[in-house]
Amino acid sequence: MTEKFVDIWHGDILPAEPEEQDYYLLLNAEEKEKAATFKRLEVQKKYIKTRGVLRKVLGSYVNEHPQQLVIKAAEHGKPFLEQQDLSFNLSHTANRFVIAVSNCGEIGIDLEQHRERVNLLGLVNKCFSIEEKDYWLTLPEEQKVTMFYRFWVRKEAFVKAVGRGIALGLDQCVINPKKQSRFIRVPSEYKAAIDWNIVDIELNNKDICAMVLRTTQFRYQQIAVK
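About the cut-offs
All residue numbers refer to positions counted from 1 along the written sequence of the respective chain. With pLDDT at 70 or above as the cut-off, local features in this predicted model cover only qualifying residues; side-chain atom pairs require 80 or more to be listed or tallied, and sums for whole chains, interfaces and linings still use all residues. For the side-chain quantities, the full set of heavy atoms in the structure was used; hydrogens and water were omitted. Whether two strands pair depends on DSSP finding at least two bridges between them. Helix numbering and strand numbering both begin at the N terminus, where a helix is a DSSP run of H or I of at least 4 residues and a strand a DSSP run of E of at least 2. As a rule, the C-alpha atoms of each element are fitted with a line to give its axis, helices using only the stretch in contact, and angles between N-to-C directions run from 0 to 180 degrees. Only heavy atoms enter the contact rule, under which two residues are in contact if any of them lie within 4.5 Å. Relative accessible area decides the class of each residue, using a 1.4 Å probe on protein chains only: under 20% of the type maximum gives buried, over 50% gives exposed, and in between gives partly exposed. Two N or O atoms form a polar contact when they lie within 3.5 Å of each other; inside protein one atom must be a possible hydrogen donor and the other a possible acceptor, and for residues adjacent in sequence the pair counts only when both atoms belong to side chains. With a 1 Å grid spanning the protein atoms alone, the term cavity applies to any set of points in which a 1.4 Å probe fits but cannot get out, the term pocket to an open set with protein on both sides within 12 Å along at least five of seven lines, and the term lining residue to any residue with an atom within 4 Å of a point. Grid points are joined across faces, edges and corners, and a volume is the space filled by probe spheres set on the points. Note on residue categories: nonpolar means Ala, Val, Leu, Ile, Met, Phe, Trp, Tyr, Cys or Pro, charged means Asp, Glu, Lys or Arg, and polar means any other residue, Gly included.

Draft legend 1. Fine view of the sheet that holds strand E5 (residues 96-102). Across the sheet, which stays open at both edges, the four strands sit in the order E4-E5-E1-E11 with mixed pairing between neighbours. Of all strands in the sheet, those bounded by a partner on one side alone are strand E4 (87-93) and strand E11 (219-224). Adjacent strand axes in the sheet meet at a mean angle of 15°, parallel and antiparallel pairs treated alike. Contacts from helix H3 (residues 41-62) reach strand E1 (5-12), E4 and E5, with the element oriented near 25° to E5.

Dropping the structure here:
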């Protein structure tokens, strides 16, 4: 039986490493064309680095040259590898990226960096369920920002796992405040809420990250990308 695994690759996007040009060479023609459309050099470099790292990482699993990988998009835009029993998901924010690679089926991951925000209550009203909002309102003020992000990345990871993205509605996946590795409700087309597992990913004291998948039995490791 094939061992079930989840690998979490993570690192900084910029400053560019000396092999930045090598990352560009790993892109396919379509990605190179897209890179050329970015007006800001920093944005272009970030795109090249994250796509190049993604291809390099995936190529190491399937024993193919990164540039030759066929990465397609599903109906709602979620990328997948053609003819491979491998799932992956990428998230990036500010200068950090994270990639989840697994053979456990559908997986989603989301990354945010802790920062103070205005009008958190407005976002809570829009994106949290009644149960989540009631729990969040009971928290001490000094915990509210961090817990907002923890709930946010878990919800984002779910909508990415099912391939719908934020258009699904973050209020449609409801985390159990009493057991925050589980959902109370998810849309019925994605099976029972109890089938889905939330895993908080601890990277450092600034990154807030979570992944969602439909299993609890897997080998897990984190791999830093230099």
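Draft legend 2. Molecular detail of the pairing of strand E6 (residues 107-113). Most of E6 sits inside the fold, with six of its seven residues counted as buried. Two strands pair when backbone bridges link them, and E6 and strand E10 (residues 207-213) are joined in this way by seven bridges, in the antiparallel orientation. Counted as the bridge partner of Glu112 is Ile208 from E10.

Draft legend 3. Local environment of the side chain of Ser102. Mapping Ser102 onto the fold places it in strand E5. Polar contacts involving the side chain of Ser102 include one to the main-chain carbonyl oxygen of Phe5, which spans 2.8 Å. Dropping the residues within four chain positions of it, Ser102 is found in contact with Phe5, Val6, Leu86, Ser87 and Ile107.

Draft legend 4. The layout of surface pockets, seen in detail. Roughly 850 Å³ of internal volume is contained in the largest pocket. Lining the largest pocket are 32 residues; nearest its centre among them are Lys34, Arg51, Gly77, Pro79 and Leu90. Among the elements of the structure, helix H2 (29-37), H3, strand E2 (71-73), E4, E6 and helix H6 (141-161) are those that each provide at least two residues to the lining of the largest pocket. When residues in the lining of the largest pocket are grouped by element, the largest group, seven residues, is from H3. Within the lining of the largest pocket, the residues separate by chemical class into 12 nonpolar, nine polar and 11 charged.

Draft legend 5. Spotlight on the environment of Leu139. For Leu139, the position within the fold is in the loop between helix H5 (130-137) and H6. Taking the C-alpha atoms as reference, Leu139 lies 20 Å from Glu112; in sequence the two are 27 residues apart. When sequence neighbours within four positions are dropped, the list of residues in contact with Leu139 reads Lys144 and Met147.

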